[in-house]
Amino acid sequence: MPCAPHHASYSYVRQSIEKTHKWAYQCKKYHDSKDASCHQYLGGIVQGGMFSDLRRESALILKEMDFPFYSIGGLSVGETPDQMHEVLASVMDYMEDSKPRYLMGVGEPRDILNAVMEGIDMFDCVMPTRNARNGKLFTMDGAVRIRNSKYKNDDTPIESECDCYTCKNFSKAYLHHLDKSKEILFFSLSSIHNVRFMQRFMDFLRISIKEDRFLEFRNSILSKFYI
Ligand SMILES: [Zn+2]
């Protein structure tokens, strides 16, 4: 069943979370039973749309079921970044900080930075590969729109500090040409770079937390990406 849209009514979302909790209970019961032969972790997914009280209720009900980690679902469904941040901030205090917390379907650097600030540990998203296919390539200095004609004769890699296969072997001019020629190889090469960007971005983010300069890192990325 798809997530409730961000403009769903209170009564619709209330019915939805009741269904979610019923499913969570049944899944947990089966997962913990002798019949379940897998050894995977099963997480609880907090829902509640844009309604803070329903989010809190969902978090508390799932906490009672004692999952090894918790996810926040039903965000990144059309709401503004501020709305997403507001919902996150309202629910995080009700989610155990001794267990991993995972924000589903979020991958925009700005949203990752804001979510980490609230205490989120894990993410997943199609954003890096979807943007890559559309010619939006990420670097630590902001996005490169490879379709732009200024890259037609640019012999430098997308990002000189990047160690990915694409940056090690191909120039922006070649990628610009592949995209313009609608050559399918462009999808692979651009995706390789954007996925590697996300790994390097998260590495730098973790280091900034360890070195107690996360806010400085966040502000630096936001100023380069979202001017
Ligand atoms: Zn690269």
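What you see is a predicted model, and the numbers here were worked out from it, not measured in a lab.

### Some details on the overall build of the chain
Now for step 1: Within the chain one finds nine helices and six strands.
Now for step 2: Along the three orthogonal principal directions, the C-alpha set of the chain runs to about 60 × 40 × 35 Å.
Now for step 3: Within the structure as shown, the chain displays about 12900 Å² of accessible surface, and the carbon and sulfur contribution to it stands at 52%.
Now for step 4: Computed over 30 positive and 30 negative side-chain charges, the inter-centroid distance for the chain is 5 Å.

### Section: the nonpolar core
Now for step 1: Ile72, Leu103, Ile112, Phe123, Phe201 and Leu205 are the most contacted members of the largest nonpolar core, which totals 37 residues.
Now for step 2: Where this core is concerned, the elements lending two or more residues are α2 (52-65), β2 (70-72), α3 (81-91), α4 (109-118), α8 (185-210) and α9 (214-225).
Now for step 3: Excluding anything up to four places from it in sequence, Phe201 contacts Pro109, Ile112, Leu113, Met140, Phe217 and Ile221.
Now for step 4: In terms of nonpolar packing, the next biggest core, distinct from the first, is built from 13 residues, Leu137, Ile158, Leu178 and Phe186 among them.

### A few points about the pattern of salt bridges
Now for step 1: Here the structure, examined in full by the defined rule, presents 13 salt bridges.
Now for step 2: Two residues, Lys99 and Glu96, come together in a salt bridge whose shortest N-O distance is 3.7 Å.
Now for step 3: Asp163 is paired through a salt bridge with Arg196; the nearest N and O atoms lie 2.6 Å apart. Placement of Asp163 in the loop between β6 (142-145) and α6 (165-169) and of Arg196 in helix α8 is noted, with a sequence separation of 33 residues between them.
Now for step 4: Looking at Asp163, the relative accessible area reads 42%, which means it is partly exposed.

### So, the coordination of the zinc ion
Put simply, a metal with four donors set out as a tetrahedron has ideal angles of 109.5 degrees, and one with six donors set out as an octahedron has ideal angles of 90 or 180 degrees.
Now for step 1: For the zinc ion, the full set of protein donor atoms is Cys162 (SG), Cys164 (SG), Cys167 (SG) and His193 (ND1), and the range of their distances to it is 2.1 to 2.3 Å.
Now for step 2: Between the four donor atoms coordinating the zinc ion, the angles at the centre fall across 98 to 120 degrees, so the site counts as tetrahedral.
Now for step 3: When the donor residues of the zinc ion are listed from N- to C-terminus, their spacing reads C-x1-C-x2-C-x25-H. Within this pair, whereas Cys162 is found in the loop between β6 and α6, its partner His193 is found in helix α8, the two being separated by 31 residues in sequence.

### Thoughts on the pairing of β6
Now for step 1: Taken together, the four bridges between strand β5 (residues 136-139) and β6 define a ladder with antiparallel strand orientation. The residue bridging Leu137 from the neighbouring strand is Val144, located in β6.
Now for step 2: What sits between β5 and β6 in their antiparallel hairpin is a turn of two residues.

### Observations regarding the packing of aromatic side chains
Think of a pair of aromatic rings as described by two things: how far the centres are apart, and how the planes are tilted against each other in angle.
Now for step 1: Scanning the entire structure with this criterion turns up nine aromatic pairs.
Now for step 2: Relative to Tyr70, the ring of Phe67 lies with its centre 6.1 Å away and its plane at 85 degrees, an arrangement referred to as edge-to-face.
Now for step 3: Judged by relative accessible area, which is 1%, Phe67 ranks as buried.
Now for step 4: The buried category is assigned to Tyr70, whose relative accessible area is 3%.
Now for step 5: When the centroid spacing of 5.8 Å and the interplanar angle of 15 degrees are considered together, the rings of Phe197 and Phe201 count as stacked.

### Some details on the sheet that holds strand β4 (residues 122-123)
Pairing between the strands of a sheet comes from backbone hydrogen bonds, and it takes one of two forms, parallel or antiparallel.
Now for step 1: Taken together, the four strands give an open sheet; going across it, the order is β1-β2-β3-β4, and neighbouring strands pair in parallel fashion. Edge positions in the open sheet fall to β1 (44-46) and β4, since each of these has one partner strand only.

### A short note on unusual backbone geometry
Now for step 1: Even without being glycine, Asp66 reaches a positive phi, approximately 60 degrees.
Now for step 2: By the secondary structure assignment, Asp66 is in the loop between α2 and β2.
Now for step 3: Judged by relative accessible area, Asp66 falls into the partly exposed class, the value being 49%.
Now for step 4: A positive phi angle, near 60 degrees, is found at Asp212, a position not held by glycine.
Now for step 5: Inspection of the secondary structure puts Asp212 in the loop between α8 and α9.

Conventions and cut-offs
Residues numbered from 1 in each chain as written. Predicted model: local features only at pLDDT ≥ 70, side-chain atom pairs only at ≥ 80, totals over all residues. Heavy atoms only, no water. Helix = DSSP H or I, 4+ residues; strand = E, 2+ residues; numbered from the N terminus. Areas by Shrake-Rupley, 256 points an atom, 1.4 Å probe, with all protein chains shown as cover. Lys, Arg positive; Asp, Glu negative; His and termini not counted. Charge placed at Lys NZ, Arg CZ, Asp CG, Glu CD. Core = buried A, V, L, I, M, F, W, Y, C linked by side-chain atoms within 4.5 Å. Buried < 20%, exposed > 50% of the residue type's maximum accessible area, 1.4 Å probe, protein only. Contact = heavy atoms within 4.5 Å. Salt bridge = Lys/Arg side-chain N within 4 Å of Asp/Glu carboxyl O. Donors = N, O, S within 2.8 Å, 3.2 Å for Na, K, Ca; no water. Tetrahedral: all angles 85-135°; square planar, octahedral: opposite > 155°, others 65-115°. Pairing = 2+ DSSP bridges. Phe/Tyr/Trp six-rings, centres within 6.5 Å; stacked < 30°, edge-to-face > 60°.

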